[in-house]
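Inside the fold
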Amino acid sequence: MKPDFPIRTERLLLRPFTADDLDDFLAYRALPEVRRYLYNDASTRDECGKVLAQRVGETELTAAGQRLILAVELDGRVIGDAMLKWLSEKDRQGEIGYSLHPAFQGRGYATEVARTMLTLGFDELGLHRIVAECDPRNEPSWRLMERLGMRREAHFREWAILRGEWSDLVVYALLAEERRSRP
Ligand SMILES: CC(C)(COP(=O)(O)OP(=O)(O)OC[C@H]1O[C@@H](n2cnc3c(N)ncnc32)[C@H](O)[C@@H]1OP(=O)(O)O)[C@@H](O)C(=O)NCCC(=O)NCCS
């Protein structure tokens, strides 16, 4: 599945990352408050450059295991990113993720983007179930999942060590039929 780029949402433009996005990417991805609950702790220009280089190629889903990563653009500036991962072809499972520059949080942009990733997953890729996961201390993240109508299905206690301390994990999910039945 390869969307027609760019994708225009109500207020934003979604498109693949390019190597030229490094300054904008670094401006949010390197911030401690953005990295806090991310498993990849890239913070230097060099580390973020490597993360970006990987993302530049993640523009379509042709096999399970792959990720579609999109830059979130507002007025020509990249202010965040979104991900749709194809977890299983046989079981039609996927996962979404998202990050936003703190200066642009609190306006519903991430919700708008995540809703678009759900649409791509359900309507374009034909997924049956889409999950999203986060550390429960990352309240803005799970509040967003709840805004999208996702259900909390699991809370794993101390499932991983994150920056030297035990981290819990909450798992949210939405079925295609649940999305259809919502007004
Ligand atoms: C997770 C993250 C993207 C959430 O950002 P966010 O700004 O809370 O999410 P949104 O952009 O959807 O904005 C929602 C907020 O804007 C408000 N809002 C304003 N206008 C809105 C609109 N039109 N639609 C929806 N919400 C709106 C909502 O009420 C909400 O505020 P509240 O939480 O005080 O109620 C952000 O915290 C982030 O980037 N964190 C760092 C990276 C990260 O941890 N990513 C997740 C890894 S699992």
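Residue numbers run consecutively from 1 along every chain, following the written order of its sequence. Selection of residues for local features in this predicted model requires a pLDDT of at least 70, selection of side-chain atom pairs for listing and counting requires 80 or more, and totals for whole chains, interfaces and linings are taken over all residues. Excluded from the side-chain calculations are hydrogens and water; all other atoms, namely the structure's heavy atoms, are used.

1. Describing the packing of helix α1 (residues 22–29) against helix α3 (residues 45–56)
- For helices, the axis comes from a line fit to the C-alpha atoms of the stretch in contact; other axes are also lines fit to C-alpha atoms, and the angle between any two N-to-C directions lies between 0 and 180 degrees. Numbering of helices and strands runs from the N terminus, with a helix taken as a DSSP run of H or I at least four residues long and a strand as a DSSP run of E at least two residues long. One way to put it is that α1 packs onto α3 with a least axis distance of 10 Å and a crossing angle of 115 degrees. Crossing of α1 against α3: the hand is right-handed. On the side of α1, the interface is formed by L22, D23, F25, L26 and R29, while α3 contributes R45, C48, G49, V51, L52 and R55.
- The nonpolar class holds Ala, Val, Leu, Ile, Met, Phe, Trp, Tyr, Cys and Pro. Asp, Glu, Lys and Arg form the charged class, and all remaining residues, Gly among them, are polar. The residue makeup of the contact of α1 with α3, split by class, is six nonpolar, one polar and four charged. Two helices that cross are described as forming a left-handed crossing if the nearer one is turned anticlockwise from the farther one by less than a right angle, and a right-handed crossing if clockwise. Pairs of residues are marked as contacts when any of their non-hydrogen atoms sit within 4.5 Å.

2. A short note on the packing of aromatic side chains
- A pair of aromatic rings is counted whenever rings of Phe, Tyr or Trp (Trp by its six-membered ring) have centres within 6.5 Å, and the orientation is called stacked for planes under 30 degrees apart, edge-to-face for over 60 and tilted otherwise. Evaluation of the coordinates by the stated rule reveals three aromatic pairs.
- Between F17 and F25 the ring centres are 5.5 Å apart and the planes differ by 70 degrees, which places this aromatic pair in the edge-to-face class. For the pair F17 and F25, a shared accessibility class is recorded, and that class is buried.
- Taken together, a centroid distance of 5.6 Å and an interplanar angle of 90 degrees make the contact between F25 and Y28 edge-to-face. The buried label goes to any residue with under 20% of its type's maximum accessible area, the exposed label to any with over 50%, and the partly exposed label to all in between, with areas taken from a 1.4 Å probe on protein chains only.

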